[in-house]
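# Report on the structure
As a plain string of letters, each chain reads:
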Amino acid sequence: MLRKDGALLFQQVPMVDIDGMKMVQTRAILSYIAGKHNLYGKDLRERALIDMYVEGTTDLMGMIMFLPFQPPEEKEKNFALIIERATTRYFPVYEKVLKDHGQQFLVGNQFSWADVHLLEAILMAEECKPDILSPFPQLQAFKGRISNIPTIKKFLQPGSQRKPPADDKFMAQVKKIFNI
């Protein structure tokens with residue numbers, strides 16, 4: 001139905017119906033929601049920093065999300081690559097930003113969608129390796145602060161809308177849907 005009536009631009013999901021618009025493309029949707037709710041910085045400089053940090057976490061999260069779909073012979077190698085990149089490329093950057101910035105959040109002194117994105121990347125990485133943050137005290141403190149924001153704390157509770165890690169049943173369903 002959505003494809004036929006043209007509402008599903010590019011014929012793909014996600015799509016969000018918001019403020020009279022049928023928005024597609026994850027980045028556009030997230031940017032719009034962040035701007036609407038004052039989570040996208042106070043000026044162009046802050047928006048650029050937020051975009052940079054979000055793109056970094058997106059890269060790491062993409063590696064993690066595709067791991068379950070990889071052939072068994074590649075999984076171990078790619079799992080090791082995820083851990084290596086998280087601990088030598090991505091997390092050291094955020095650790096330094098938080099240390100040098102000296103504030104509670106990544107950008108300015110205001111909560112932004114970069115903070116939400118980094119928290120999700122941390123949680124995903126911890127699902128791969130529970131002690132992955134052990135060499136990163138700033139990120140450990142950041143995770144604690146952001147996780148205790150009341151709405152985020154509620155969202156992280158068991159039974160919330162946050163998806164659990166993919167299990168075999170979920171993977172079989174996804175593979176069936178996408179003919180993988």
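Scroll up for the structure.
The following paragraphs examine the structure supplied in this document. Throughout, a residue's number is its position along its own chain's written sequence, starting from 1. This being a predicted model, a pLDDT of at least 70 is required before a residue's local features are given, and a value of 80 or more before pairs of side-chain atoms are given or counted; all residues contribute to the totals for chains, interfaces and linings. With hydrogens and water excluded, all non-hydrogen atoms of the structure serve as input to the side-chain values.

### Quick look at the nonpolar core
Judged by nonpolar contacts, the single largest core of 39 residues is most densely connected at Tyr-53, Phe-91, Leu-106 and Leu-139. Secondary structure elements with two or more residues in this core: helix H2 (44-66), helix H3 (72-101), helix H4 (113-128) and helix H5 (137-147). Per element, the largest residue contribution to this core is 10 residues, and it comes from H4. Contacts: residue pairs with any heavy atoms within 4.5 Å of one another. For Leu-106, the contacting residues outside a window of four places in its chain are Tyr-53, Tyr-94, Val-97, Leu-98, His-101, Ala-114, Asp-115 and Leu-118. We define the nonpolar core as a collection of buried residues of types Ala, Val, Leu, Ile, Met, Phe, Trp, Tyr and Cys that are connected through side-chain atoms lying within 4.5 Å of one another. To sort residues, take the accessible area from a 1.4 Å probe on protein chains only and compare it with the maximum for the residue type: under 20% means buried, over 50% means exposed, and anything in between is partly exposed. By the criteria applied, helices consist of DSSP H or I runs no shorter than four residues and strands consist of E runs no shorter than two, each listed in order from the N terminus.

### Details of H3
An ideal rise of 1.5 Å per residue puts 44 Å on 30 residues; H3 measures up with 41 Å between its terminal C-alpha atoms. At any given residue, the bend is defined as the angle formed between two axes, one fitted to the seven residues that end at that position and one fitted to the seven that begin there. Of all the bends in H3, the greatest, near 45°, is centred on Phe-91, and the proline Pro-92 appears no more than four residues after it. By the burial criterion, the buried members of H3 are Asn-78, Ile-82, Ile-83, Ala-86, Tyr-90, Phe-91, Tyr-94, Glu-95, Val-97 and Leu-98. Of the surrounding elements, those touching the buried residues of H3 are H2, H4 and H5. Given the number of residues in a helix, its expected span is that number minus one, multiplied by 1.5 Å.

### Things to note about the packing of aromatic side chains
The pairing test for Phe, Tyr and Trp rings, Trp by its six-membered ring, is centres within 6.5 Å, and the orientation test on the planes gives stacked under 30 degrees, edge-to-face over 60, and tilted for anything in between. Applying the stated criterion across every chain yields a total of four aromatic pairs. The interplanar angle of 70° and the centroid separation of 6.0 Å between the aromatic rings of Tyr-53 and Tyr-94 together place this pair among those described as edge-to-face. With a gap of 41 residues between them, Tyr-53 in helix H2 and Tyr-94 in helix H3 connect regions that are remote in the sequence.

### Things to note about a nonpolar patch on the surface
Patch members must show over 30% relative accessible area and no salt bridge, and they are joined within 9 Å when carrying like charges or within 5 Å when they are nonpolar side chains of Val, Leu, Ile, Met, Phe, Trp or Tyr. Using the Shrake-Rupley algorithm and a 1.4 Å probe, accessible areas are obtained, with residue cover drawn only from the displayed protein chains. Each reported salt bridge corresponds to a side-chain nitrogen of Lys or Arg within 4 Å of a carboxyl oxygen of Asp or Glu. Among the surface-exposed residues, Ile-177, Phe-178 and Ile-180 lie close enough to one another that they form a single nonpolar patch of about 370 Å² accessible area. Summarising the element assignment, Phe-178 is placed in the segment after helix H7 (168-177). In this structure Phe-178 comes out as exposed when scored by relative accessible area, which is 59%.

### A short note on the packing of H2 against H4
Two packed helices can be described by the angle between their axes and the distance between those axes. Two elements in contact, H2 and H4, have axes separated by 9 Å at closest approach and are oriented at 25°. Classified by the interaxial angle, the pair formed by H2 and H4 is roughly parallel. Like other packed secondary-structure pairs, H2 and H4 cross with a definite hand, here left-handed. Here Ile-50, Asp-51, Tyr-53, Val-54, Thr-57, Thr-58, Met-61, Ile-64 and Met-65 of H2 lie close against H4, whose contacting residues are Trp-113, Ala-114, His-117, Leu-118, Glu-120, Ala-121, Met-124, Ala-125 and Cys-128. Ten residue types, Ala, Val, Leu, Ile, Met, Phe, Trp, Tyr, Cys and Pro, are classed as nonpolar, four, Asp, Glu, Lys and Arg, as charged, and the remainder, Gly among them, as polar. Here the residues of the contact of H2 with H4 sort into 13 nonpolar, three polar and two charged. Angles here are taken between N-to-C directions and fall from 0 to 180 degrees, while the axes themselves are lines fitted to C-alpha atoms, restricted in helices to the stretch in contact. Each angle gets one of four labels, with under 35 degrees taken as roughly parallel, over 145 as roughly antiparallel, 65 to 115 as roughly perpendicular, and the rest as oblique. Here is the rule for handedness: rotate from the far helix to the near one, and if that takes an anticlockwise turn smaller than a right angle the crossing is left-handed, while a clockwise turn gives right-handed.

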